[in-house]
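# Structural overview for review
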Amino acid sequence: MINPTWLDTFITLVETGNFTRTAEQRFMTQPGVSQHLKKLEEACQCELVIRLGKGIQLTEQGQRVYHYAKEQQEKEQDFIASLKFDAPFEGKCVVACSGAIAQRIYPALLALQKQHSALNIHVEVAPRRTILSGIANNTLELGIVTNQPESEDIHSEYLGEEALGLILPRSLPYALAAQVPGLSENAQGFNSDSVAKVASVSGKAKSKTDDGRTLKAVIKHLGLINHPDAMHYLQRYFNDCGEAELANVNPNKLPHTGYINQLSQILLPVSEGLGYTVLPTSTLDFVSFADKLTVYKAKNEVTEPLYSVQTPHSALPARYQVVKQAITQVLG
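Definitions and limits used
Note that residues are indexed from 1 along each chain, following the sequence as it is written. Per-residue local features of the predicted model are confined to residues with pLDDT of at least 70, and side-chain atom pairs are confined, for both listing and counting, to 80 or more; whole-chain, interface and lining totals are unaffected and use all residues. Heavy atoms from the whole structure form the basis of all side-chain values; hydrogens and water molecules are not counted. Take the buried Ala, Val, Leu, Ile, Met, Phe, Trp, Tyr and Cys residues and link them wherever side-chain atoms come within 4.5 Å; each set so joined is a nonpolar core. Burial classes: relative accessible area under 20% of the type maximum marks a residue as buried, over 50% as exposed, and values in between as partly exposed (1.4 Å probe, protein chains only). The secondary structure listing takes helices from DSSP runs of H or I that are at least 4 residues long and strands from runs of E that are at least 2 residues long, numbered from the N terminus. Contacts are assigned to residue pairs that have any heavy atoms within 4.5 Å of one another. Axis geometry follows a simple rule: fit a line to the C-alpha atoms, using only the stretch in contact for helices, then measure angles between N-to-C directions, giving values from 0 to 180 degrees. Under this scheme an angle from 65 to 115 degrees is roughly perpendicular, one under 35 degrees roughly parallel, and one over 145 degrees roughly antiparallel; angles in between are oblique. Left-handed is the label given to a crossing in which the near helix is rotated counterclockwise from the far helix by less than a right angle, and right-handed is the label when the rotation is clockwise. Gly counts as polar in this scheme, as do all residues outside two lists: the nonpolar Ala, Val, Leu, Ile, Met, Phe, Trp, Tyr, Cys and Pro, and the charged Asp, Glu, Lys and Arg. Two rings belonging to Phe, Tyr or Trp (six-membered ring only in the last case) form a pair when the distance between their centres is within 6.5 Å. Interplanar angles under 30 degrees mark stacking, angles over 60 mark edge-to-face geometry, and anything in between is tilted. Cavities and pockets were defined on a 1 Å grid built over protein atoms only: a cavity is a set of grid points that admits a 1.4 Å probe from which the probe cannot escape, a pocket is an open set flanked by protein on both sides within 12 Å along at least five of seven lines, and lining residues are those with an atom within 4 Å of any such point. Grid points are joined across faces, edges and corners, and a volume is the space filled by probe spheres set on the points. Pairs of N or O atoms within 3.5 Å make up the polar contacts considered here, provided that, within protein, one atom can donate a hydrogen while the other can accept it, and that residues adjacent in sequence are counted only when both atoms are side-chain atoms.

Below, the discussion takes up the nonpolar core. Grouped together as the largest cluster of nonpolar side chains are 32 residues, with contacts concentrated most on L166, Y237, F238, L267, Y276 and L293. Of all the secondary structure elements, the ones that give two or more residues to this core are β6 (155–169), α9 (211–222), β7 (224–226), α10 (230–240), α11 (263–271) and β9 (277–280). Per-element accounting of this core gives the leading share, five residues, to α10. In this structure, L166 is in contact with L215, I219, Y237, Y276, T277, V278, T294, V295 and Y296, ignoring residues within four places of it in sequence. In terms of nonpolar packing, the next biggest core, distinct from the first, is built from 21 residues, I121, V323, A326 and L331 among them.

What follows is the structure in structure tokens.
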């Protein structure tokens, strides 16, 4: 690589045509200018100027080196200028979040991109641990996660709450649903065979003081439709929902009737009466069969806090601030 300082000296020499004026403008001595020229000629392996008294004349090679040096100088100036220019509505933005959050924020981000076509928005669906690892390793610039990270390598800002729901088939057997507050209003009777199966599990009607055990029987009978976040959601739900009997249930010991890792499909087997699951209640807004599902009305509302995450040591580009505002309007 040719020394850029020699090229800068050569540009000044060509444009002034004089060693003395070059030395003055470059704050150098005349021997220093001559030394830069000599080293540049050695690097190019050719003669670049012909000395004419106090002036110079460029050789053909010298003209080519001068044009090359000017191009490099202009590229450097353009590059430095680009570092100072931060357009709020232009460039690529990558946001990593869960599938449930992606469903909620993507329409707003598409509307933003439609309004500002120079924005290039990428939404990456990933689990929490992958998002936090990407932020810590500087491979991601912006993420959204549940629960505030405790790492010093991650800066977080509170966005809002995400409601979790115990989601069951709306066609839960009336004989069983009638015993559980929050379900009887939505129950549509199964056939007699299904009712008999539930009865064999749940036994006789429970008193109101036994509601927790009745709900426990419901979920044990139906079985869990498992998914990547199911254990985390179940533990959170059981701890916070206010149903005393569920607080001591170990999610890992519950019977499963299926597993799927596609968010858009998790509720499908539930709608067919094949099980139950726990998901953010917002997922019901994005399925065509929501009328076949019901959310159990627990004593307490169960929510998870949402946080935006980024590296703590540098400000995000302006375009990310615009994206964050759009996300906050949806989730806040």
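After that view, the rundown keeps rolling.
With that settled, the discussion passes to the packing of helix α1 (residues 4–16) against helix α3 (residues 30–44). Across the interface, α1 lies against α3 with an axial gap of 9 Å and an inter-helix angle of 115°. One element, α1, and the other, α3, form an angle in the roughly perpendicular class. Between α1 and α3 lies a crossing whose hand is left-handed. Across the interface between the two elements, T5, W6, L7, T9, F10 and L13 of α1 pack against V33, H36, L37, K39, L40 and A43 of α3. Class assignment for the residues of the contact of α1 with α3 results in eight nonpolar, three polar and one charged.

The final tally for this structure, using the stated rule, is one aromatic pair. Ring geometry for Y158 versus Y307: centroids 5.6 Å apart, planes at 70°, classification edge-to-face. Taken as a pair, Y158 in strand β6 and Y307 in strand β11 (residues 302–310) lie far apart in primary sequence, 149 residues in all.

What follows concerns empty space enclosed by the protein. If you walk through the whole model with that rule in mind, you get one cavity of 30 Å³ or more. The volume enclosed by the largest cavity comes to roughly 30 Å³. Around the largest cavity sit W6, T9, F10, L13, V33, H36 and L37, which together line it. Broken down by secondary-structure element, the contributors of at least two residues to the lining of the largest cavity are α1 and α3.

Before going further, it helps to examine the environment of H155. Mapped onto the fold, H155 is located in strand β6. Residue H155 is classed as partly exposed on the basis of its relative accessible area, which comes to 32%. For H155 and A136, which are 19 residues apart along the polypeptide, the C-alpha to C-alpha distance reads 9.6 Å. In this view, H155 contacts S308, V309, Q310, T311 and P312; residues no more than four positions away in its chain are not counted. Polar side-chain contacts of H155 include one of 3.2 Å to the side chain of E157.

Everything listed is a geometric property; what it means functionally is a separate question.
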